[in-house]
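Coordinates in review
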Amino acid sequence: MKVRAKYLGHTIKIAHELLQINSFNISMTIYLALNFGNIVRLTQTWKLLKSKTVSMWKSISFTLNPRNNFMAYRERESQVPHEPMIPCQEVFLKDILYYSECEGILVDGFIDMKKLNKLGYIINNIWKTQKRKYSFLPYFELQQYLKENVSQEWTMEHLDDLSHHIETSKDLKLVQMNRGHTRKFEDHIIPRFFRKTKSKGSLPSKANTE
């Protein structure tokens, strides 16, 4: 169990470091992965995390939580307009989908220039991030290792079975709390990641559209 806690803590530290260098896309991937039920339910493992690591996780969760249309993430992104950055692809595509399909570009047969300008603004912002390069050198040995050793794909059912095998549900209160959080996250937040674009409340924040 201590080994699992060590790996979990290391993964959280990686996500935290990625946030520090504005690599939002991969940090969001790690955040979403650690919020799946087969990870959240490992309460005994989470309890072994050091307080500093827990603080990192809380900071990550605050920044990347999808609440209020990723408001905290959008504010964080707006604070680094001139630094190298890898934006969260899902949020970017969500905004594009909203303006291009849910609202539509044509109004009474005519092009709505206001909506078209908003689309252009979003795309232009992504184009600008591609111009701001990182100064890191490629680590080819690590790239090769990841290609050769991290290619296996497991189903959620298999991961659930592994999770229940390595840690039984002893703390009912914590398990029920995590189960409720996970069910809400998996059944409501993640599936609506793109579907929420159909609602008026999913408009990108003002800072990102004007």
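A quick note: this is a predicted structure, and the numbers were derived from the prediction, not measured. Residue numbers here run from 1 along each chain, matching the order of that chain's written sequence. Restriction of local features to residues with pLDDT of at least 70 applies here, the model being predicted, together with a cutoff of 80 or more for giving and counting side-chain atom pairs; totals for whole chains, interfaces and linings are based on all residues. To get the side-chain values, all heavy atoms of the structure are used, and hydrogens and water are removed first.

1. Quick notes on unusual backbone geometry
Basically, it comes down to this: The way it works is that DSSP assigns letters per residue, a run of H or I at least four long becomes a helix, a run of E at least two long becomes a strand, and they are numbered from the N terminus. For every residue, the accessible area (1.4 Å probe, protein chains only) is compared with the maximum for its type, and the residue is labelled buried under 20%, exposed over 50%, or partly exposed between those bounds.
A positive phi is found at asparagine 68, a non-glycine position, where the angle reads about 55°. In this structure, asparagine 68 sits in helix H6 (residues 67-78). Given a relative accessible area of 52%, asparagine 68 falls into the exposed group.

2. What to know about the nonpolar core
Spelled out, the test is: Among buried residues, those of type Ala, Val, Leu, Ile, Met, Phe, Trp, Tyr and Cys that are joined through side-chain atoms within 4.5 Å constitute a nonpolar core. Note on definitions: a residue-residue contact is assigned when non-hydrogen atoms from the two residues lie within 4.5 Å.
Core analysis: the largest hydrophobic core is formed by 24 residues, its most contacted members being Ile12 and Ile60. If you list the elements that add at least two residues to this core, you get helix H1 (2-20), helix H2 (24-34), helix H5 (51-64) and H6. Among the elements that make up this core, the one with the highest residue count is H2 (six residues). Apart from residues no more than four positions distant in its own chain, isoleucine 12 is found in contact with Leu34, Trp46, Leu49, Thr53, Met56, Trp57 and Ile60. Membership of the second largest hydrophobic core comes to six residues, among which are Ile96, Tyr98, Tyr99 and Ile105.

3. A few points about the pattern of salt bridges
Put simply, the rule reads: Just to be clear on terms, a salt bridge is a Lys or Arg side-chain nitrogen sitting within 4 Å of an Asp or Glu carboxyl oxygen.
All told, the structure shown has two salt bridges when counted by the stated rule. As a salt-bridge pair, glutamate 167 and arginine 4 come within 3.3 Å of each other at their nearest N and O atoms. Within this pair, whereas glutamate 167 is found in the loop between helix H10 (156-166) and helix H11 (172-189), its partner arginine 4 is found in helix H1, the two being separated by 163 residues in sequence. You can call arginine 4 partly exposed: its relative accessible area is 24%. In this structure, aspartate 95 and arginine 74 form a salt bridge, with 2.9 Å as the shortest nitrogen-oxygen distance. With aspartate 95 in helix H7 (residues 89-102) and arginine 74 in helix H6, the pair connects residues that are 21 residues apart, well separated along the chain. Since its relative accessible area comes to 3%, arginine 74 is described here as buried.

4. Points about the packing of aromatic side chains
Put simply, the test is: Each aromatic pair joins two rings of Phe, Tyr and Trp (for Trp, the six-membered one) with centres within 6.5 Å, and gets the label stacked for planes under 30 degrees apart, edge-to-face for over 60, and tilted for any other angle.
Inspection of every chain in the model, using the stated rule, returns four aromatic pairs. Centroid distance tryptophan 46 to tryptophan 57: 5.5 Å. Interplanar angle 50°. Geometry classified as tilted. Of this pair, tryptophan 46 sits in helix H4 (residues 43-47) while tryptophan 57 sits in helix H5, and the two are eleven residues apart along the sequence. Accessibility classification places tryptophan 46 together with tryptophan 57 in one group, the buried group. Geometrically, the ring pair formed by tyrosine 134 and phenylalanine 136 is stacked, given 5.4 Å between the ring centres and 15° between the ring planes.

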